[in-house]
Every structure is written in structure tokens, then in C-alpha cells.
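As a plain string of letters, each chain reads:
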Amino acid sequence: MLESQSTSRKKDRCQEVVLTLKVSTATAHSQQINVKFRCRSKKESFIFTFEDHDGSIQHAAAIAPKKKCPTSGCPVLLTLHGTGVPPQNQADSYKRMKGKNWVFGLDTAWVLAPTRHGAHNWEGPGMLTPMTALQRLAQMASKVSWMPAVDARKVVFAGHSMGGHGAWHLATHYPDLALAVVSAAGWIAKEDYGDSNLFFRCSTI
């Protein structure tokens, strides 16, 4: 049961949002819980959850374009994280300094950084997760007035390390969507990635 909500905002600056929840049981016991939410402005990255291709619930981070796109929909920089990197950190890595402040995101393109639980290397089910996130972002943008439209047919596949491998992998499987591929330190085969598979190397001698 939602008891109250406290929101504070000054111009474009966000402040903490606190929801006070009252949890009641069948035995008439109740307890109040304060839940704190981090406020995000339109200029910052945000996290959304979505139902994946296999019915699981995954999440992704996104940053809206800074300027109006020249066409009816904005292209998407689909960026894949490396091992252990949270999706919001991946999205926020696309930034530049303007004056003394960081500007996150791109001028005329969405930044989308999905993730998937478990080991996948952005292959198999892991390959389908970012493509599902792309469609979910497009659907969400079509229903939310402040969100610029998404052109899911124009994609820059990008990533670092494991994500760099994923960028190559997705671009070769969806070449009709690829505007470009940006692979930073992306490995081609797991067996050739540092010391990750010494058994494989020894077994091929």
C-alpha cells in the first residue's frame, strides 16, 4: 500500500524521491518502509527493464539524443559491456567535457547498453538480448511523448572486451542494420583471449 510520496525538483536538477510504503499482513501486523529512488533528468542515463526473448526479465541503460534527429527516427549506438561492467556504467562511458561539466550521450543518436544475467559472451541467447532491448526501446519511445523516436533499422554496434566481441558477432548476424562497428579490444575467439583457456591451447599442440 502506497502511503505517501515526496518529490523535490529545481529546474532541471534532480533530488531524491522517497516513497513511504506500508506493508500489512493477514495477521494485522504492519510496517512502514521508506524506499529511496534516484531521480534522473532527461540529459542523464536511465535504466529500464524488459521481457527478453526467452521470457526472462533483463534490464538496460539508455541515454536519449541531445538534439533533434534529422529524420523521423534516431539511430542507435548499441553498446555491449565487458565482463563485470554494469550497463549504466557502459552507457555513461559515452561522454564529453563541455566547459567544466560532463555531457553524456550523443547529439543525434540513442545510446543503448543492455545486459543479460549469466555467462553468454553475447552469443546464442546473449546475442538475442540486445536485439530484444533494441525493439523494447523503440516500443517504449513510441508511447512516451518526451522520448525521441527510435529507428531500430540503423544501428552502430559497439562494445569493449567481451562486448567488443559481441559487437563483431551482432554485426555479422545483422549486417542489414549495421551503420558501423566499433570494437574496442574485442576478441575474435574465446580460445585466443589471453590465458582464458590454457587447456584448449595445450590440447591443440
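Here is a short report on the structure shown in this document. Model, not experiment: these values are computed from the prediction. All chains use their own residue numbering, which begins from 1 and follows the written sequence. Selection of residues for local features in this predicted model requires a pLDDT of at least 70, selection of side-chain atom pairs for listing and counting requires 80 or more, and totals for whole chains, interfaces and linings are taken over all residues. Calculated side-chain values reflect all of the structure's heavy atoms, with hydrogen atoms and water omitted.

## What to know about the packing of aromatic side chains
For any pair of aromatic rings, the description consists of the separation of the ring centres together with the inter-plane angle of the planes. Aromatic rings from Phe, Tyr and Trp, taking only the six-membered ring of Trp, are treated as a pair when their centres fall within 6.5 Å; an angle between ring planes under 30 degrees marks them as stacked, one over 60 as edge-to-face, and anything in between as tilted. The full count for this structure, using the stated rule, is 4 aromatic pairs. Aromatic side chains Phe-46 and Trp-146 sit 6.2 Å apart centroid to centroid with 75 degrees between the ring planes, which places their arrangement in the edge-to-face category. Linking Phe-46 in strand E6 (residues 46-51) with Trp-146 in the loop between helix H2 (125-143) and strand E12 (150-160), this pair joins segments that are 100 residues apart in sequence. Through a chain of ring-to-ring contacts, three or more aromatic side chains come together here, namely Phe-46, Phe-48, Phe-50, Trp-110 and Trp-146. Throughout this description, the term charge over a ring refers to an Arg CZ or Lys NZ atom that lies within 6 Å of the ring centre and within 35 degrees of the ring normal. Note that Lys-95 overlies the ring of Trp-102, its terminal NZ or CZ placed 5.1 Å from the centroid. The secondary structure listing takes helices from DSSP runs of H or I that are at least 4 residues long and strands from runs of E that are at least 2 residues long, numbered from the N terminus.

## Here we look at the state of the cysteines
Here, a disulfide means two cysteine sulfur atoms that sit within 2.5 Å of each other. Per the stated rule, a full pass over the model turns up 1 disulfide. A sulfur-sulfur separation of 1.9 Å characterises the disulfide bridge that pairs Cys-69 with Cys-74. Its S-S torsion of approximately 110 degrees makes the covalent link between Cys-69 and Cys-74 right-handed. Cys-74 shares its class with Cys-69; the two are buried. Working definition: with a 1.4 Å probe on protein chains only, accessible area under 20% of the residue-type maximum means buried, over 50% means exposed, and in between means partly exposed.

## Quick word on the pairing of strand E11 (residues 110-114)
On a regular strand, each side chain points to the face opposite its neighbour's, so the side chains alternate between the two faces of the sheet. Of all 5 residues in E11, 5 are buried, a share of seventy percent or more. Residues of E11 alternate between two faces, with Trp-110, Leu-112 and Pro-114 on one and Val-111 and Ala-113 on the opposite face, all of them buried. Judged from the 4 bridges that link them, strand E7 (residues 57-63) and E11 form a sheet pairing that is antiparallel. Looking across to E11, one finds that Ala-60 is bridged to Pro-114. Only strands that DSSP links by at least two bridges are regarded as paired with each other. In the sheet, strand E8 (residues 74-80) pairs with E11 via 3 bridges, with the strands oriented parallel. What sits directly across from Leu-78, in E11, is Leu-112.

## Considering the packing of H2 against helix H3 (residues 162-173)
Contact geometry of H2 with H3 gives a least axis separation of 11 Å together with a crossing angle of 75 degrees. Between H2 and H3, the angle falls in the class roughly perpendicular. Of the residues in H3, those touching H2 at Met-127, Pro-130 and Met-131 are His-169, Leu-170 and His-173. Charged residues are taken to be Asp, Glu, Lys and Arg, nonpolar residues to be Ala, Val, Leu, Ile, Met, Phe, Trp, Tyr, Cys and Pro, and polar residues to be all remaining types, Gly included. Classifying every residue of the contact of H2 with H3 by side-chain character gives 4 nonpolar, 2 polar and no charged. In this description, a line fitted to the C-alpha atoms serves as the axis of each element, helices being fitted only across the stretch in contact, and the angle between N-to-C directions of two axes falls anywhere from 0 to 180 degrees. Orientation labels follow simple angle bins: below 35 degrees gives roughly parallel, above 145 gives roughly antiparallel, 65 to 115 gives roughly perpendicular, and whatever is left gives oblique. Note on definitions: a residue-residue contact is assigned when non-hydrogen atoms from the two residues lie within 4.5 Å.

## Some words on the pairing of E8
Of all 7 residues in E8, 6 are buried; the element is thus mostly enclosed. Across 6 bridges, E8 lies against E12 in parallel orientation. Across the sheet, the residue bridging to Leu-78 is Phe-157, located in E12.

## Thoughts on the pattern of salt bridges
Where side chains of opposite charge bring their charged atoms close, a pairing between them can arise. The rule for a salt bridge is simple: a side-chain nitrogen of Lys or Arg has to be within 4 Å of a carboxyl oxygen of Asp or Glu. Across all of its chains, the model carries 7 salt bridges by this definition. For Glu-44, the salt bridge goes to Arg-40, with nearest N and O atoms at 4.0 Å. Accessibility expressed as a relative area gives 28% for Glu-44, which makes it partly exposed. We note a salt bridge from Asp-107 to Arg-96, for which the minimum N-O separation is 2.9 Å. With Asp-107 in the loop between strand E10 (101-104) and E11 and Arg-96 in strand E9 (residues 95-98), this pair connects stretches of sequence that are 11 residues apart. For Asp-107, a relative accessible area of 28% puts it in the partly exposed group. By relative accessible area, which is 35% here, Arg-96 ends up partly exposed. Through salt bridges with shared partners, a single network forms among Asp-52, Asp-54 and Arg-116.

## Observations regarding a nonpolar patch on the surface
Patch construction takes residues with relative accessible area above 30% that form no salt bridge. Like charges are linked within 9 Å, and nonpolar side chains (Val, Leu, Ile, Met, Phe, Trp, Tyr) are linked within 5 Å. To be clear on the numbers: accessible area is Shrake-Rupley with a 1.4 Å probe, and residue cover counts the displayed protein chains and nothing else. Among the surface-exposed residues, Trp-168, Val-181 and Ile-188 lie close enough to one another that they form a single nonpolar patch of about 300 Å² accessible area. Here Trp-168 is to be found in helix H3.

Purely spatial values, then, with no claim about function.
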